[in-house]
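If you want the building blocks of each chain, they are given just below.
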Amino acid sequence: MLNEKIAALLNDQINKELYSAYLYLDFANYFEDEGLDGFAHWYEIQAQEERDHAFMIRRYLIDSGHRVTFDAIAKPDKVFKTHLDPLDAGLEHEKYVTSLITKIYAEAFAIGDFKTMQFLDWFVKEQGEEEKNAEDLIKKMKLFGNEPKGLYMLNQELSARVYTPASQAE
Ligand code: FEO
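Nothing here was measured: the structure is a model prediction, and the numbers come from that model.

Section: the environment of Gly128
Take Gly128: it is sitting in helix 4 (residues 114-144). Since its relative accessible area comes to 41%, Gly128 is described here as partly exposed. On a C-alpha basis, the gap between Gly128 and Glu94 in space is 9.1 Å, while along the polypeptide they are 34 residues apart.

Remarks on the side chain of His66
Relative to the assigned elements, His66 resides in the loop between helix 2 (37-63) and helix 3 (84-110). Overall, the relative accessible area of 10% leaves His66 in the buried class. When sequence neighbours within four positions are dropped, the list of residues in contact with His66 reads Met1, Leu2, Glu4, Ala7 and Leu61.

Some details on the packing of helix 2 against helix 3
Where helix 2 contacts helix 3, the two axes come as close as 13 Å, and the packing angle between them is 15°. Relative to helix 3, the element helix 2 lies roughly parallel. Like other packed secondary-structure pairs, helix 2 and helix 3 cross with a definite hand, here left-handed. Of the residues in helix 3, those in contact with Phe39, Tyr43, Gln46 and Glu50 of helix 2 are Pro86, Leu87 and Glu94. For the contact of helix 2 with helix 3, a count of residues per class yields 4 nonpolar, 1 polar and 2 charged.

Regarding the pattern of salt bridges
Taken as a whole, this structure holds 8 salt bridges when the rule is applied. Residues Asp52 and Arg51 are paired through a salt bridge, measuring 3.3 Å at the closest nitrogen-oxygen approach. Where Asp136 meets Lys132, a salt bridge forms, and the shortest distance between an N and an O atom there is 2.6 Å. Taken together, the residues Asp136 and Lys132, both in helix 4 and 4 residues apart, mark about one turn of the helix. You can call Asp136 partly exposed: its relative accessible area is 25%. Exposure remark for Lys132: the relative accessible area of 47% places this residue in the partly exposed category.

Definitions and limits used
- Residues numbered from 1 in each chain as written.
- Predicted model: local features only at pLDDT ≥ 70, side-chain atom pairs only at ≥ 80, totals over all residues.
- Heavy atoms only, no water.
- Helix = DSSP H or I, 4+ residues; strand = E, 2+ residues; numbered from the N terminus.
- Buried < 20%, exposed > 50% of the residue type's maximum accessible area, 1.4 Å probe, protein only.
- Contact = heavy atoms within 4.5 Å.
- Axes fitted to C-alpha atoms, helices over the stretch in contact; angles between N-to-C directions.
- Parallel < 35°, antiparallel > 145°, perpendicular 65-115°, else oblique.
- Left-handed = near helix turned anticlockwise from the far one by under 90°.
- Nonpolar A, V, L, I, M, F, W, Y, C, P; charged D, E, K, R; others polar.
- Salt bridge = Lys/Arg side-chain N within 4 Å of Asp/Glu carboxyl O.

As structure tokens, then:
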């Protein structure tokens, strides 16, 4: 069994990851509406990855002898004025998720819960990658997204993203 505070934080993180999936699907909805199917596809895959994160944490809690409970998932309520807005919101959101993972890690460290620290190592690395992906996308959008041909090419590039199920073996 895990420390109750760690278990509660991890349980809450499941909700945050499912919200992340919901948020990115909402970004995909926006881009579908804008006719940018490559961007929509990229965020659909991002949503699938977030769902995987939720499943991984759920499995860890269950395998550690805890009952998982669910709360309501918040409504994504962002309004976008430009194509750059969701990209900026995505980076901001990933920084927030990194802060949540870091908080759980710090709690585990404080009580010498090495098992949870080892479990979270994957998430720490993943957050680094997700922040970098979000930053790269913003950079590309600023460089190429302001004229139709550049936006078209970027949309094509993003349509090539392939979903790979997240796993701790990576
Ligand atoms: Fe599951 Fe994008 O963090």
